[in-house]
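For reference, the chains in residue letters:
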Amino acid sequence: MNTMAYSTRWACPACGHRTIDAPPPGPPGTLFVCPVCAWTDVPHGSEENDGPHRNANGVSLREAQRNVLALGAIADGRLHEVRAPLPGEERAGNFRTLDE
């Protein structure tokens, strides 16, 4: 019997809250929309302003992280899509923004 458990709750790359419920390997690329910051978890390449997945979020990951800290959502126009984290959605202890 395998007693080794793993968490299927992954940290959002924009806000760091554990909101992405997906089987391993998890992000990036689950296409899950974070209810805490409105980030759509797209495949790699979203870190740059002109990355191939910019249209999914409207901003790069770096911009989204800055906006989450300043506004509470990845963009001002997305504030109506967000909510406070629920129990179990705490920010991952090892989360760091791209600026850190």
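For the structure itself, look to the data block above.
These numbers come from a predicted model, not from an experiment.

Here we look at the environment of T8
No. 1: When you line up the elements, T8 lands in the segment before strand 1 (9–11).
No. 2: For the pair T8 and P25, spaced 17 residues apart in sequence, the C-alpha to C-alpha distance is 9.0 Å.
No. 3: With residues near it in sequence (within four places) discarded, T8 still touches I20, D21 and A22.

A few points about the pattern of salt bridges
No. 1: Using the criterion set out here, one finds 5 salt bridges in the structure.
No. 2: R83 serves as the salt-bridge partner of E89, at 2.8 Å between the closest nitrogen and oxygen.
No. 3: Three or more residues are tied together by salt bridges with common partners; here these are R9, R83 and E89.

Focus on unusual backbone geometry
No. 1: The peptide bond linking P24 to P25 adopts the cis configuration, its omega dihedral lying at 15°.
No. 2: Residue P27 is joined to P28 through a cis peptide bond whose omega torsion reads 0°.
No. 3: Relative to the elements of secondary structure, P28 occurs in the loop between strand 2 (18–21) and helix 1 (54–57).
No. 4: Of note, L31 is a non-glycine position whose phi angle comes to about 65°, a positive value.
No. 5: With respect to the helices and strands, the residue L31 is situated in the loop between strand 2 and helix 1.
No. 6: Even without a glycine there, the phi angle at A38 is positive, about 80°.

A few points about the nonpolar core
No. 1: The biggest cluster of nonpolar side chains holds 17 residues, and the ones touching the most others in it are C12, A14, C15, C37, W39 and I74.
No. 2: A total of 3 residues in this core trace back to one element, the largest contributor, which is helix 2 (residues 61–71).
No. 3: Discounting residues that sit within four places of it in the chain, C15 has contacts with C34, V36, C37, V68, R91 and F95.

About the criteria used
- Residues numbered from 1 in each chain as written.
- Predicted model: local features only at pLDDT ≥ 70, side-chain atom pairs only at ≥ 80, totals over all residues.
- Heavy atoms only, no water.
- Helix = DSSP H or I, 4+ residues; strand = E, 2+ residues; numbered from the N terminus.
- Contact = heavy atoms within 4.5 Å.
- Salt bridge = Lys/Arg side-chain N within 4 Å of Asp/Glu carboxyl O.
- Core = buried A, V, L, I, M, F, W, Y, C linked by side-chain atoms within 4.5 Å.
- Buried < 20%, exposed > 50% of the residue type's maximum accessible area, 1.4 Å probe, protein only.

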